[in-house]
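Listed below are the residues making up each chain.
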Amino acid sequence: MTTAVAETGMIGALATKFRICPATGLRVDLAAERLIKANAVAAVVFLAIGGGFGLLVALTRWPAVHLLSSDLFYLALTAHGLDVLLMWIIFFEMAVLYFASAVILSSRIAAPRWGWVGFVLMIVGALMTNVAVLQGDSSVMFTSYVPMQARPHFYLGLILFAVGALIGCFIFLGTLVIAKEEKTYEGSIPLVTFGALTACIIAVFTIASGAIILIPTFLWSVGYIGHIDSLMYKLVWWAMGHSSQQINVSAHVAIWYLIAAVTVGAKPLSEKVSRTAFLLYILFLQLAAAHHMLVEPGLSSEWKIVNTSYMMYLAVLGSMIHGMTVPGSIEAAQRKSGFTRGVFEWLRKAPWGNPAFAGMFLSLVMFGFLGGISGVVLGTEQLNIMMHNTLYVPGHFHATVVAGTTLAFMAVTYLVVPLIFQREIVWPKLAKIQPYLFGIGASGISLFMMGAGTLGVARRHWDITFPALDVTLPYGYSPAASLMMGLNGLSAILAATGGVLYVAIVVASILFGKKVDASNAVAALGPMPKKVVHDAVAKYGDAGTWHLPGTYVLVGLFFTTFILYYFVNWKYLSELWPMQ
Amino acid sequence: MAIHPPQSRVWWKEPIAKAELVWIGVAFLWGLIMFFMMIYWHIYGQQNLSTQVGRIDPAVFEQRTNDFAEKFKVREEGDTGIPVVKPPAGGDAYMLARTYEWWPVLELEKGKSYKLHISSLDLQHGFSLQPINMNIQVHPGLEHVVTITPTEAGIYGVVCNEYCGLGHHVMTGRIYVVDSGQGG
Ligand code: HEM
Ligand SMILES: [Cu+2]
Ligand SMILES: [Cu+2]
């Protein structure tokens, strides 16, 4: 912290210490910085643990390897889902919330002590649930559908974790209020903060749903409540579970804008459009629980159709808008920097050697093409009959939450380490290939699991070969299914390698990286075209620059793929046995 | 930049570029098409799950399935002791789920329609008919009645695809589809 220009603001009784970031000129509250560090480190630790379980699961599902025993497999799968989807993602989101409020707005953070209370609750909760799972009699998967029952501390841990996260959300909101009152910025909050605000609002809603269902379930597990209806449980659980995926989307889209801004100097093409797109997420956030209940008895088709489509696909519309404006803003910025030849010079000459940029762009493409399209198909009421609970489902969400969210979070880490931990990234050559390794591995597991799912292979299933030994009525999947599972295993090894590299680079950089000061602050952010950390693009990329042929081609390609894949699936559906 | 406040304070009054508007319009229309596609399929499509569902006491469902199996049993499945049951064409067929089996085995005729009643006696299970890959969620206490019409003769597997405990992967069932007038 050699460059820390300590500045002490006396606000109320609290003395807030700031430093000035040498790369961005932002004023960084040291209390916020410590919270960001703690949450980011916890996130990475849980990614390492959960990712390890993921590899074990994938190797078990590879028939030729079939690594774990069935009991251990279900235990590992439960731990995998919890540690990555909840712990890794949410700890990291806490760091993002603090960064997007206190740091980006140059404000002091609200109630940092409460931030630590929340953090400790989350850690205690996460450990408690992990212990319950590792003890072996809570292999109920992270969804813990009733009437299957886990040990009480499984649920209690989740509740504590959620309460901790809720505290983090309120600190974020409080910080926005403080920044506004103390006028640390002018006009409206930046787009990245707006995206984080979207994530936060959705988080508050989903955590409330989570509490509504997990608290009675906890009471049921200790015997105070006699019965919980399985359908009702699922409905409320997914009101949390699916809407919370919208938190991830908002967070990673905000990060796309952030990385595009820092690495190529991109500006939103239109603040109005990008913000409206975020707003669509908020407006329709309470829908989409139906994604998980399309072949469920006891719910009407009318409800399913309206809910699954977020009221006529309006939240999907939000994502499709970001899908154009993010690459569009990159193209506009690159063209202004002089990369104007042909349709794609801006893309070819983009800083592909900068892991933050590479990870961000891969995340964008894979989230859209693999995750987005498969998600809409999966979420179509009738098409879901061909996919529900097959491996198509994990295939889809490894494209969204792994290739999309996780990769975006990894990418932004390459900026967070120099900006917040104030360390250079060690092993830049390895860092350069890390996003590619992980990205290709992650899209592999997505694609091959989707492939296996199309062939009918069940998810959460220990052995697709049904050994005649213990199965009375064996069924043989087509040999192609085993091939898919093998390719999935290979991709898992690739993704795991990328994951291990990420963890190693982050840990080594924090511990041994060269300290960042004014002399290397900008260089530490990785290679950039013409070094454009400070406003390289002077004016908006609006009407004037709206000639973005490369983006049109990309969007056109996306849209064509979408339409073709969508209708192909209706064709497949029409070949199923008629049913009413 | 996206990390700075909007450059013009009244950003909500900025004009939107035409290309952007076009894309928003196209994406919105596409959303409408996809929305109405689901409704269209309910009216003209052949594959829709029924909403014919009732609450039922698991013990009652078990009794009905037992009665059904006793009445229409045609043989036993190998030496497993599981009855193979052939309901009359156009009639009701029952299959129950319990940890860890689908019971009984059914024999249906190609081209005939059956009202298939499915429910669970204990936990949630997943009725996954293979290789045609038709998947239906099964809850305890809810009886789902789906009218199905097999289109091809063959041996079909029923796999459980909702995780239902440590024996989930051994939970299988079977449906035979025979050409009409055969089998039995
Ligand atoms: C090395 C990277 C990873 C590998 C190899 C991997 C592999 C797998 C595999 C094979 C499954 C099992 C599918 C099944 O049998 O049903 C699975 C499930 C799952 N994965 Fe991953 N995964 C990885 C990373 C992640 C990450 C980073 C996340 C979240 C951010 C994630 C979230 C999940 C979830 C939520 C499930 C579902 C668990 C369940 O069904 O209860 N995975 N993963
Ligand atoms: Cu089952
Ligand atoms: Cu099962």
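Scoring rules and cut-offs
Residues numbered from 1 in each chain as written. Chains lettered and ligands numbered in written order. Predicted model: local features only at pLDDT ≥ 70, side-chain atom pairs only at ≥ 80, totals over all residues. Heavy atoms only, no water. Donors = N, O, S within 2.8 Å, 3.2 Å for Na, K, Ca; no water. Tetrahedral: all angles 85-135°; square planar, octahedral: opposite > 155°, others 65-115°. Buried < 20%, exposed > 50% of the residue type's maximum accessible area, 1.4 Å probe, protein only. Near = heavy atom within 4 Å. Polar contact = N/O pair within 3.5 Å; in protein donor to acceptor, adjacent residues only side chain to side chain. Helix = DSSP H or I, 4+ residues; strand = E, 2+ residues; numbered from the N terminus. Contact = heavy atoms within 4.5 Å. Buried area = accessible area lost by both parts, 1.4 Å probe. Salt bridge = Lys/Arg side-chain N within 4 Å of Asp/Glu carboxyl O. Domains from an automatic or database assignment. Axes fitted to C-alpha atoms, helices over the stretch in contact; angles between N-to-C directions. Parallel < 35°, antiparallel > 145°, perpendicular 65-115°, else oblique. Phe/Tyr/Trp six-rings, centres within 6.5 Å; stacked < 30°, edge-to-face > 60°. Lys NZ or Arg CZ within 6 Å of the ring centre and 35° of its normal. Core = buried A, V, L, I, M, F, W, Y, C linked by side-chain atoms within 4.5 Å.

Student: Honestly, the coordination of the copper ion (ligand 2) in this entry has me stumped. Any pointers?
Tutor: Tetrahedral coordination by four donors puts the ideal angle at the metal at 109.5 degrees, and octahedral coordination by six puts it at 90 or 180 degrees. Residues and elements named next belong to chain B. The protein atoms that coordinate the copper ion (ligand 2) are H125 (ND1), C160 (SG), C164 (SG) and M171 (SD), at distances spanning 2.0 to 2.5 Å. For the copper ion (ligand 2), the four donor atoms in the first shell make angles of 93 to 129° at the metal, a pattern classed as tetrahedral. Spacing between the donor residues of the copper ion (ligand 2) along their common chain follows H-x34-C-x3-C-x6-M. Here the copper ion (ligand 2) and the copper ion (ligand 3) are spaced 2.6 Å apart, linked through C160, which binds each one. There is no split in this pair, since C160 and C164 are both buried.

Student: I keep staring at the site of ligand 1 and nothing clicks. Help me out?
Tutor: Residue and element names in this part refer to chain A. Contacts to ligand 1 come from 24 residues, most closely from R61, H80, H398, R459 and R460. Here a nitrogen atom of ligand 1 sits 2.7 Å away from a polar atom, N or O, in the side chain of H80. One nitrogen or oxygen atom from the side chain of R459 is found 2.9 Å from an oxygen atom belonging to ligand 1. Of all elements in the fold, only α1 (30-61), α2 (70-103), α13 (392-421), α14 (428-454) and α15 (479-512) reach the threshold of two or more residues within the shell around ligand 1. When residues in the shell around ligand 1 are grouped by element, the largest group, six residues, is from α13.

Student: Is there a simple way to explain the coordination of the copper ion (ligand 3) in this structure?
Tutor: All names here are of chain B. Within the protein, the atoms that donate to the copper ion (ligand 3) are C160 (SG), E162 (O), C164 (SG) and H168 (ND1), at distances of 2.0 to 2.4 Å. One way to put it: the four donor atoms around the copper ion (ligand 3) meet at angles of 89 to 121°, and that makes the site tetrahedral. Mapping the donors of the copper ion (ligand 3) onto the primary sequence gives the spacing C-x1-E-x1-C-x3-H.

Student: Sorry, what's going on with the interface of chain B and chain A here?
Tutor: Opposite the 86 residues of chain B that make contact, chain A presents 109 residues. Summed over both partners, the interface of chain B with chain A comes to about 8,800 Å²; 67% of that surface belongs to carbon and sulfur atoms. Remark: the boundary between chain B and chain A carries two salt bridges. Our count for the contact surface shared by chain B and chain A stands at 36 residue pairs in polar contact (both at pLDDT 80 or more). Contributions of two or more residues to the side of chain B that touches chain A are made by α1 (18-44), β1 (53-55), β8 (125-130), β9 (134-138), β10 (142-148), β11 (154-160) and β12 (172-178) of chain B. Ranked by the residues each element gives to the side of chain B that touches chain A, the list is headed by α1(B), at 17 residues.

Student: Looking at this structure, I do not really get the domain arrangement of chain B. What am I missing?
Tutor: Accessible area lost when the parts come together is the quantity often used to give the size of an interface. The domain boundaries assigned to chain B delineate domain 1 (14-45) and domain 2 (52-178). On a C-alpha basis, the centres of domain 1 of chain B and domain 2 of chain B stand 40 Å from each other.

Student: So what exactly am I meant to see when it comes to the packing of α1(A) against helix α3 (residues 112-134) of chain A here?
Tutor: Residues and elements named next belong to chain A. Their axes nearest at 10 Å, the elements α1 and α3 cross at an angle of 10°. Compared by their axis directions, α1 and α3 come out roughly parallel. Across the interface between the two elements, A31, R34, L35, A38, N39, A42, F46 and F53 from α1 touch P112, G115, W116, F119, I123, A126, N130 and L134 from α3.

Student: Looking at this structure, I do not really get the packing of aromatic side chains. What am I missing?
Tutor: The geometry of two aromatic rings is summed up by the distance between their centres and the angle between their planes. One pass over the structure, following the stated rule, counts 41 aromatic pairs over all chains. Consider the rings of A:W352 and A:F357, whose centres lie 5.3 Å apart with planes at 80°: the pair is edge-to-face. Residue A:F357 is classed as buried on the basis of its relative accessible area of 0%. Among the aromatic residues, those joined into a ring-pair cluster are A:F369, A:F558, A:F559, A:F562, A:Y566, A:F567, A:W570, B:W23, B:W30 and B:W41. The cationic tip of A:R27 hangs over the ring face of A:F18; the distance from NZ or CZ to the ring centre is 3.9 Å. Of note, B:R75 hangs over the ring of B:Y176, and the distance from its end group to the ring centre comes to 5.2 Å.

Student: Help me out: how do you make sense of the nonpolar core in this one?
Tutor: For soluble globular proteins, nonpolar side chains are generally found buried alongside one another. Core analysis: the biggest nonpolar cluster contains 243 residues, and A:Y502, B:F127 and B:I175 have the highest contact counts within it. Ranked by residue count, the leading element in this core is α2(A), at 23 residues. Sequence-distant contacts of A:Y502, defined by excluding residues within four places in its chain, comprise A:V44, A:L47, A:W88, A:F92, A:F409, A:M410, A:T413, A:Y414 and A:Q434. Among the nonpolar cores identified, the runner-up in size contains 17 residues, and A:A58, A:L391, A:V457 and A:Y475 belong to it.

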